[in-house]
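What follows is the residue order along each chain.
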Amino acid sequence: MGFSFSSIRCGYSYITFLVFVLCVLLTFFATLVDSSVLKPKTEHDGCSALKHFHDYESKCAYLKTIDPCASQGFVDYLSLLYCNFEKFPLLGQSLLFLWLLALFYVLGHTASEYFCSSLESLSKLLNLSPTVAGVTLLSLGNGAPDLFASLVSFMGEDSKGTYDVGLNTVVGGSSFVTCVVVGIISIALRRRGVRIERSAFVRDVCFFCAAIGSLGLILVYGKINFWGALGFCSLYAVYVAFVYLSWRFGGEGGEFDLESVHKRGSLSEPILQRVDLDDGVVDEEHRSNVADDHQRHYYWKMVVWVMTLPIYLPRRLTIPVVSEAKWSKPTAVGSVTFAPVLLSLLWNSKRSPTSVEARVVYLTGCSVGIVLGLIAISTTKKSNPPKKWLLPWLAGGFVMSMTWSYISAQELVALLTSLGYIFGVSPSILGLTVLAWGNSIGDLITNVTMALHDGDEGAQVAVSGCYAGPIFNTLFALGISLVGCAWEVYPLSIVIKTDPRLLESLGFLVVGLVWSFLVLFSNRMRLGGVMGVGLLVIYLASLSIRILQTVGDSY
């Protein structure tokens, strides 16, 4: 079998696009990362002294004398709480929790509605093969929350980096998906006797074990240089190449379709909204109930729309969207006009707004925005999105959706770090639980729904996604963070404080993979209840031990 010219051109397009993505991520990250980020925190960290103060007023006075405890984000949440809600502490804490939920929503919604849409359109424009697009662009879209949370966690100033949050988030998310999600799928499909493809399962488990082993060596060694970080990140390219060669020459995954997976990802909506009617015969009472339900549903949608408008409108006016379903010329013109302005605001976030450099950046952003807006007005139609020069629109949507994902992840990590100081909980345990669960809830809903309602093929794709996603998060998301940090201190090595408890979590993760491997092979690759219950027990045991250890530290 020989390669056709179209295959060679597709390969060139794929390589070009991946290089573009890597360059954008590295450039974006290098402008924000601090070279001191991976220095271990000292025992004399000023923020730890907050626990010695017992009232809001004294804590507020102390916070004014030190640098912000969470260097990420635009809001100092500790000062906001202790200096403004001393008379209503419960109200202040409730508002922080509501804002935490809103940030999870923004991060997940931006990834699914904008980031994934841009990646899917780019994959079609570049004519990438479905298999390669599935293990690269689809994984990038699904893993976007983890990717940006990991990038943000490796930022910091004055040795207050939160890399322990990033590491625990990746490990916690991987454990949740490979144990809880796979366990629930196995229990739900125990009576159907669904068989998993042996070669794909062995490939994914072996690569994931290699990724975990490499991460364990980094943690034990305690430091890594630029070339080591680049080699760790490059393991994902080896995985992608192996999947592509398996599909190209072995026929594996020949029916995998990227578009069908995206459609499956929204199956929860019709399931929740399904109304069963008997042969179309509806009596008057039922018709009245249906009308009342529709009216209540309309009012509920209006309430949700009003509540989400403040976090929806800024993204809609700064992220270019060129899909047929969502095309609107006024919003498209507005997005290309305001996007450079937003980028200039972010670029000047650490500068004095009255400095000469800041004014030049603001003037440049506004000028570029006006020019792009005029071009969009003259080259687009009101009825349909542009057909020519589509790549700049998609690239702009990709960059701006990545920017918004980064902003929301930045605030999310800062808020979680602040909540750790407020309640005396280690930020690492919050990353292992709250942040990992928040980023993985989409995988739970999508993969379980796909497995239950898309037959044997859906179950195969769902289980494969439960391993391909963590492989991406471990090797690429975490790897690109290490590469960015190591580049800042090149040729020196970055120091990573060894955490024995994180190694314990990695050990439990390997135990879960070995359990799945042994049970599946003993059951002829059939999913069953024994496998699912065992995975849930392993995850609960790992989580319980970490929580007990954290509680013990507080006393």
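- The name given to the protein chain in an unreviewed UniProt entry is Sodium/calcium exchanger membrane region domain-containing protein, with Brassica oleracea var. oleracea as the source organism.
- As stated in UniProt under Sequence similarities (unreviewed entry), the record for the protein chain gives "Belongs to the Ca(2+):cation antiporter (CaCA) (TC 2.A.19) family. Cation/calcium exchanger (CCX) subfamily."
- Taken verbatim from the UniProt record of the protein chain, the Subcellular location (unreviewed entry) comment is "Membrane".

## Some details on the state of the cysteines
Right, so step 1: Taken as a whole and judged by the stated rule, the model has one disulfide.
Right, so step 2: The side chain of Cys60 participates in a disulfide bridge whose partner is Cys83; the two sulfur atoms lie 2.0 Å from each other. Between Cys60 and Cys83, the S-S dihedral sits near 105°, and the bridge is therefore right-handed. Of the two residues, Cys60 is situated in helix H2 (residues 56-63) and Cys83 in helix H3 (residues 77-84); the sequence distance between them amounts to 23 residues.

## Brief notes about the confidence of the model for the protein chain
Right, so step 1: Of all residues in the protein chain, 75% have pLDDT values of 70 or greater, and the mean over the chain is 75.
Right, so step 2: Taken as a whole, residues 157-161 scores under 50 in pLDDT and shows 19 contacts with residues more than four places along the chain or in a different chain.
Right, so step 3: A low-confidence stretch, residues 254-286 (pLDDT under 50), is modelled with 36 contacts involving residues beyond four sequence positions or located in other chains.

## Focus: the packing of helix H7 (residues 163-188) against helix H18 (residues 500-522)
Right, so step 1: Contact pair H7 / H18: the axes reach a minimum separation of 10 Å and the direction vectors enclose 20°. The angle between H7 and H18 falls in the class roughly parallel. For H7 against H18, the interelement crossing comes out left-handed. Residues Leu167, Asn168, Val171, Ser174, Ser175, Thr178 and Cys179 of H7 touch H18, and the partners they reach there are Leu502, Ser505, Leu506, Leu509 and Gly512.

## Overview of H7
At 3.6 residues per turn, the α-helix brings residues three or four places apart onto the same side.
Right, so step 1: Between its first and last C-alpha, H7 extends 36 Å over 26 residues, near the 38 Å set by a 1.5 Å rise per residue.
Right, so step 2: Of all the bends in H7, the greatest measures close to 25° and is centred on Val177.

## Section: the pattern of salt bridges
Right, so step 1: The final tally for this structure, using the stated rule, is one salt bridge.
Right, so step 2: Among the salt bridges present, the one from Arg203 reaches Asp204, with a minimum N-O distance of 3.0 Å.

## Looking at the packing of aromatic side chains
Aromatic ring pairs are reported here in terms of the distance separating the ring centres and the angle at which the planes meet.
Right, so step 1: One pass over the full model with this rule turns up 17 aromatic pairs.
Right, so step 2: Between Phe226 and Tyr490, the aromatic rings sit 5.8 Å apart at their centres with planes inclined by 80°, giving edge-to-face as the arrangement. With a gap of 264 residues between them, Phe226 in helix H9 (residues 226-250) and Tyr490 in the loop between helix H17 (455-488) and strand S2 (494-495) connect regions that are remote in the sequence.
Right, so step 3: The exposure class of Phe226 is buried, given its relative accessible area of 11%.
Right, so step 4: For Tyr490, a relative accessible area of 43% corresponds to the partly exposed category.
Right, so step 5: Aromatic pair Tyr236 and Tyr239: ring centres 5.9 Å apart, planes at 40°, arrangement tilted. Of the two residues, Tyr236 and Tyr239 both sit in helix H9, three residues apart, roughly one turn of that helix. Each member of the pair, Tyr236 as well as Tyr239, is classed as buried.

So, how was this worked out
Residues numbered from 1 in each chain as written. Predicted model: local features only at pLDDT ≥ 70, side-chain atom pairs only at ≥ 80, totals over all residues. Heavy atoms only, no water. UniProt positions renumbered as here; feature names shortened; annotations may be inferred. Disulfide = S-S within 2.5 Å. Helix = DSSP H or I, 4+ residues; strand = E, 2+ residues; numbered from the N terminus. pLDDT = per-residue confidence, 0-100. Contact = heavy atoms within 4.5 Å. Axes fitted to C-alpha atoms, helices over the stretch in contact; angles between N-to-C directions. Parallel < 35°, antiparallel > 145°, perpendicular 65-115°, else oblique. Left-handed = near helix turned anticlockwise from the far one by under 90°. Expected span 1.5 Å × (residues − 1). Bend = angle between axes of the 7 residues up to and from the residue. Salt bridge = Lys/Arg side-chain N within 4 Å of Asp/Glu carboxyl O. Phe/Tyr/Trp six-rings, centres within 6.5 Å; stacked < 30°, edge-to-face > 60°. Buried < 20%, exposed > 50% of the residue type's maximum accessible area, 1.4 Å probe, protein only.

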